[in-house]
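Fold and geometry: a report
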Amino acid sequence: MSETNEHSRLFLPSKSSPSTSTTEVTISWSNLHVETRNSSSSCWSSISSSCFRRHKKKQEKSRILLQDVSGTARTGQILAVMGTSGAGKTTLMNALSGHYGDNLLVPSGNVYLNGFPTTDTERRKSGHIGYVEQQEYFIDTVSLEEHLIFQAMLRLPSEWTDDERRSRVKNTIAQLHLNKCMKNTINQLSGGEKKRLALASVFLTEPSVLLIDEPTSGLDSYLAMHIMDFLSSQPTFHDH
Ligand SMILES: Nc1ncnc2c1ncn2[C@@H]1O[C@H](COP(=O)(O)OP(=O)(O)OP(=O)(O)O)[C@@H](O)[C@H]1O
Ligand SMILES: [Mg+2]
């Protein structure tokens, strides 16, 4: 988790050819621990003489969000993380993907790709981990297709031609049953269509490890089943 781990290095092939099959990657993690930073905050107390009285700064204790969590997800496996609301599922996904919403959290522990320790930055930049966050943010006024073309321009390797990028976008739209709304602007999409767009944005690059926070939220039971079938039909699952 540390950004200064001298032993960590990138060791996986870069993703370049449009027809490459997904690289086999096992992700494992050990002793992940995330807690909030100690902070001091002003403390306001009871009304006195018709105004709030401010007390001196109070030290807030840090709160543990993840405690010594270890695990492994091998190539070809679908691993479900289940827990009550607030149990720490999103915090775990953020830790594995190397994304933290803010710098108010103190993480420690190790995340390995194919057995090699990695830093948060390496995992974010490796191109091997795709992360569909619980809450995705889009520009409302672009169309679904434009959004994906833009993502393809940004995320696919520079060797790819425009035609190859457009073809990948077209295939991804079809795989996620998004054809009928591809010309809609994002503010015209339903909740389930937005969820599938978030998945499509990540599937574009065919990452080896897919981290999906709440993969079926906002989908009806048919689409939820379709998404799970689609995930398990990915090439990486065929031989396992
Ligand atoms: N940056 C933060 N600062 C302080 N507390 C946080 C922070 N991020 C998350 N938390 C707290 O950590 C706990 C775990 O949050 P997390 O989002 O990981 O839960 P979750 O299991 O994904 O829940 P849900 O099923 O509702 O999405 C929650 O109590 C949340 O309030
Ligand atoms: Mg969550």
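Residues numbered from 1 in each chain as written. Chains lettered and ligands numbered in written order. Predicted model: local features only at pLDDT ≥ 70, side-chain atom pairs only at ≥ 80, totals over all residues. Heavy atoms only, no water.

Looking at an unreviewed UniProt entry, the protein chain carries the name ABC transporter domain-containing protein, with the source organism given as Rotaria magnacalcarata. Check the Subcellular location (unreviewed entry) section of the UniProt entry for the protein chain; it says "Membrane". Looking at the Sequence similarities (unreviewed entry) heading of the UniProt record, one finds this comment for the protein chain: "Belongs to the ABC transporter superfamily. ABCG family. Eye pigment precursor importer (TC 3.A.1.204) subfamily." (UniProt positions renumbered as here; feature names shortened; annotations may be inferred.)

Take the coordination of the magnesium ion (ligand 2) next. When a metal carries six donors in an octahedron, the ideal angles between them are 90 or 180 degrees, while four donors in a tetrahedron ideally lie at 109.5 degrees. Coordination of the magnesium ion (ligand 2) by the protein involves Thr-90 (OG1) and Gln-134 (OE1), with metal-donor separations of 2.0 to 2.2 Å. In this pair, Thr-90 sits in helix H1 (residues 89–97) while Gln-134 sits in the loop between strand E7 (129–132) and helix H3 (144–155), placing the two residues 44 residues apart along the sequence. (Donors = N, O, S within 2.8 Å, 3.2 Å for Na, K, Ca; no water. Helix = DSSP H or I, 4+ residues; strand = E, 2+ residues; numbered from the N terminus.)

Attention now moves to the nonpolar core. Counting residues in each nonpolar core, the largest one holds 30 residues, and the members touching the most others are Leu-144, Leu-148 and Leu-176. When residues of this core are traced back to their parent elements, those giving at least two are H3, helix H4 (162–175), helix H5 (191–203) and helix H6 (221–232). The element best represented in this core is H5, accounting for six residues. Judged by nonpolar contacts, the second largest core, of 18 residues, contains Ile-27, Ala-73, Leu-92 and Leu-211. (Core = buried A, V, L, I, M, F, W, Y, C linked by side-chain atoms within 4.5 Å. Buried < 20%, exposed > 50% of the residue type's maximum accessible area, 1.4 Å probe, protein only.)

Turning to the site of ligand 1, a few remarks are in order. The full set close to ligand 1 counts 15 residues, and Arg-63, Ser-85, Lys-89, Thr-90 and Thr-91 are the nearest of them. At a separation of 2.8 Å, an oxygen atom of ligand 1 approaches a polar side-chain atom of Arg-63. Between ligand 1 and Gly-88, the relevant distance is 2.9 Å, taken from an oxygen atom to a main-chain nitrogen or oxygen of the residue. If ligand 1 stood free it would expose 640 Å²; the protein chains cover 68% of that surface. In terms of residues, the shell around ligand 1 owes the most to one element, H1, which gives three residues. Partitioning the shell around ligand 1 into residue classes produces three nonpolar, eight polar and four charged. (Near = heavy atom within 4 Å. Polar contact = N/O pair within 3.5 Å; in protein donor to acceptor, adjacent residues only side chain to side chain. Areas by Shrake-Rupley, 256 points an atom, 1.4 Å probe, with all protein chains shown as cover. Nonpolar A, V, L, I, M, F, W, Y, C, P; charged D, E, K, R; others polar.)

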